[in-house]
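Structural overview
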Amino acid sequence: MSKPDVSSDSTILECTDCLGPAEAFALIGNETRLSILEALWAADERPVAFSDLRRAVDMRDSAQFNYHLQKLSGQFVVQREGGYDFKHAGEKVVRSVIAGTFNEHPDLEPFPVQGGCVTCGGPLQGVYEDERLAIECADCGQRHGEYSFPPGGLADRTHEEVAEAFDNRVRHLHCLAADGVCPECSGRMETHVVEEGACCLGVDVRVDHECVQCGHTLCSAAGLRLLDHSAVVTFHRERGIRLDERPYWTLPWCVSDEFTRVVARDPYRLEVRMPAGEDVMTVRLDDDLDVLETSVDSRSC
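Each value, and the rule that gives it
- Residues numbered from 1 in each chain as written.
- Predicted model: local features only at pLDDT ≥ 70, side-chain atom pairs only at ≥ 80, totals over all residues.
- Heavy atoms only, no water.
- Axes fitted to C-alpha atoms, helices over the stretch in contact; angles between N-to-C directions.
- Helix = DSSP H or I, 4+ residues; strand = E, 2+ residues; numbered from the N terminus.
- Parallel < 35°, antiparallel > 145°, perpendicular 65-115°, else oblique.
- Left-handed = near helix turned anticlockwise from the far one by under 90°.
- Contact = heavy atoms within 4.5 Å.
- Pairing = 2+ DSSP bridges.
- Core = buried A, V, L, I, M, F, W, Y, C linked by side-chain atoms within 4.5 Å.
- Buried < 20%, exposed > 50% of the residue type's maximum accessible area, 1.4 Å probe, protein only.
- Phe/Tyr/Trp six-rings, centres within 6.5 Å; stacked < 30°, edge-to-face > 60°.
- pLDDT = per-residue confidence, 0-100.
- Salt bridge = Lys/Arg side-chain N within 4 Å of Asp/Glu carboxyl O.

- As recorded in an unreviewed UniProt entry, the protein goes by the name Helix-turn-helix domain-containing protein, listed as coming from Natronosalvus rutilus.

If you want it as structure tokens, here you go:
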């Protein structure tokens, strides 16, 4: 079956009653409306009946409550048989409040994390600032990744648990991005190999992911894309290394371009080398970070 012809400027989205950003934010800039969204979130089951929702918000004036509920309907809330439920935008608002994105600005002192610096071997630490967490060397300052981490991710977690959550989040973000899906808005993510300029790692050869819709960006060493590739996982497991139990920053090929080589340009072709025990796996990638081929050789050869 042939694929449909989709031109670069075509789209399936046709907005007939979209709100402008200022108008959308104005709708939720009200304590009662935020309370309605929070009550929906807290409900054991949805949809929630009008009367149950009003009772949860603790508002006696039925007409006034209905006014605020209708303001949310269509954009943040949808009426279904049996009551009211979230639209995606409404859920996103509540999740952002829970995550502390809008209203929390916590301070967190640098804390030690597992592993050593790929540059000097010094101790690594987590540094949290402006809702971003960075893994950096306490001695030389070399960054081993810096990515967004909402304040809610710090709640009720030890330093070790924060580091583990950050590792899982970074893996998830890059899997989505490399698959062409923006982790922020689900728009189309484009991948580019870059050989110059500053980034979150300070490497010469890196991969940039950028959303064509919202402009969200991520950067990484090419190896970070390979953490869940079946051949890579198997290669390491057979040599006693569980990649799902090792923070990405403890794997040099995930944070340093020392193990990445540009083998062709226009289009780009990359090779990532992964030493493990007596052997080394070499993975060749195209410019979209799709695996073209893998090979395993002995380091003694």
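After presenting the structure, the write-up continues.
1. Focus on the packing of helix H2 (residues 31–42) against helix H3 (residues 50–57)
- Put simply, H2 and H3 touch, their axes get as near as 9 Å, and they point 115° apart. By the angle between their directions, the pair H2 and H3 is classed as roughly perpendicular. Crossing angle aside, the handedness with which H2 passes H3 is right-handed. Counted together, Ser35, Ile36, Ala39 and Leu40 of H2 and Leu53, Ala56 and Val57 of H3 form the full contact between these two elements.

2. Quick notes on the sheet that holds strand S9 (residues 217–220)
- Across the sheet, which stays open at both edges, the three strands sit in the order S7-S8-S9 with antiparallel pairing between neighbours. Each edge of the open sheet carries a strand with a single partner, namely strand S7 (189–194) and S9. The mean inter-strand angle of the sheet, taken between neighbouring strand axes irrespective of direction, is 20°.
- Strand direction decides the pairing type here: strand S8 (residues 206–211) and S9, joined by four bridges, are antiparallel. Pairing of glutamate 210 across the sheet is with threonine 217, part of S9.
- On the sheet, helix H6 (residues 159–178) packs against S7, S8 and S9 and is oriented at approximately 105° with respect to S9.

3. Observations regarding the nonpolar core
- The biggest cluster of nonpolar side chains holds 52 residues, and the ones touching the most others in it are Phe166, Tyr248, Trp249 and Trp253.
- Ranked by the residues each element gives to this core, the list is headed by H6, at seven residues.
- With residues up to four places along the chain from it excluded, the contact list for phenylalanine 166 reads Leu133, Ile135, Tyr147, Phe149, Tyr248 and Trp249.
- Core analysis: the second largest hydrophobic core is formed by 18 residues, Ile36, Val48, Phe76 and Val77 among them.

4. Re the packing of aromatic side chains
- Per the stated rule, a full pass over the model turns up seven aromatic pairs.
- When the ring of phenylalanine 149 is compared with that of phenylalanine 166, the centres are 6.0 Å apart and the planes differ by 80°; the resulting orientation is edge-to-face. Remark: phenylalanine 166 occurs in helix H6 and phenylalanine 149 occurs in the loop between strand S6 (143–148) and H6; sequence separation between them is 17 residues. For the residue pair phenylalanine 149 and phenylalanine 166, the accessibility class agrees, reading buried in each case.
- Considering the side-chain rings of phenylalanine 166 and tyrosine 248, the 6.4 Å spacing of their centres and the 50° angle between planes classify their relative orientation as tilted. Taken as a pair, phenylalanine 166 in helix H6 and tyrosine 248 in the loop between helix H7 (230–237) and helix H8 (252–255) lie far apart in primary sequence, 82 residues in all.
- Owing to a relative accessible area of 0%, phenylalanine 166 belongs among the buried residues under this scheme.
- On the basis of relative accessibility, which here comes to 1%, the residue tyrosine 248 falls in the buried class.
- Taken together through their ring pairs, the aromatic side chains of Tyr147, Phe149, Phe166, Tyr248 and Trp249 make up a single cluster.

5. What to know about the confidence of the model for the protein
- With 85% of its residues at a pLDDT of 70 or more, the protein has an overall mean of 86.
- pLDDT under 50 marks residues 1–10. Its contacts with residues more than four places away, or in other chains, come to zero contacts.

6. Thoughts on the environment of phenylalanine 235
- Topologically, phenylalanine 235 is positioned in helix H7.
- Those residues in contact with phenylalanine 235, other than ones at most four positions away along the chain, are Met274, Ala276, Asp279, Val280, Met281 and Val296.

7. A look at the sheet that holds strand S4 (residues 123–129)
- If you trace the four strands from one edge of the open sheet to the other, you get S3-S4-S5-S6, paired in antiparallel fashion. Since the sheet does not close on itself, it has two edges, and those belong to strand S3 (111–116) and S6, each with one partner. If you compare each strand with its neighbour and ignore which way they point, the axes differ by 25° on average.
- Looking at chain direction, strand S5 (residues 132–137) and S6 are connected through four bridges and run antiparallel. Bridging from a neighbouring strand, glutamate 136 pairs with arginine 143 of S6.

8. With respect to the pattern of salt bridges
- Taken as a whole and assessed by the stated rule, the structure comprises 17 salt bridges.
- A salt bridge links arginine 143 to glutamate 136, with the nearest nitrogen and oxygen atoms 2.9 Å apart.
- Taking relative accessible area as the criterion, arginine 143 reaches 26% and is therefore assigned partly exposed.
- When its relative accessible area of 14% is taken as the criterion, glutamate 136 is described as buried.
- Linking arginine 206 and aspartate 208 is a salt bridge whose minimum nitrogen-to-oxygen distance equals 2.8 Å.
- For arginine 206, a relative accessible area of 7% translates into the label buried.

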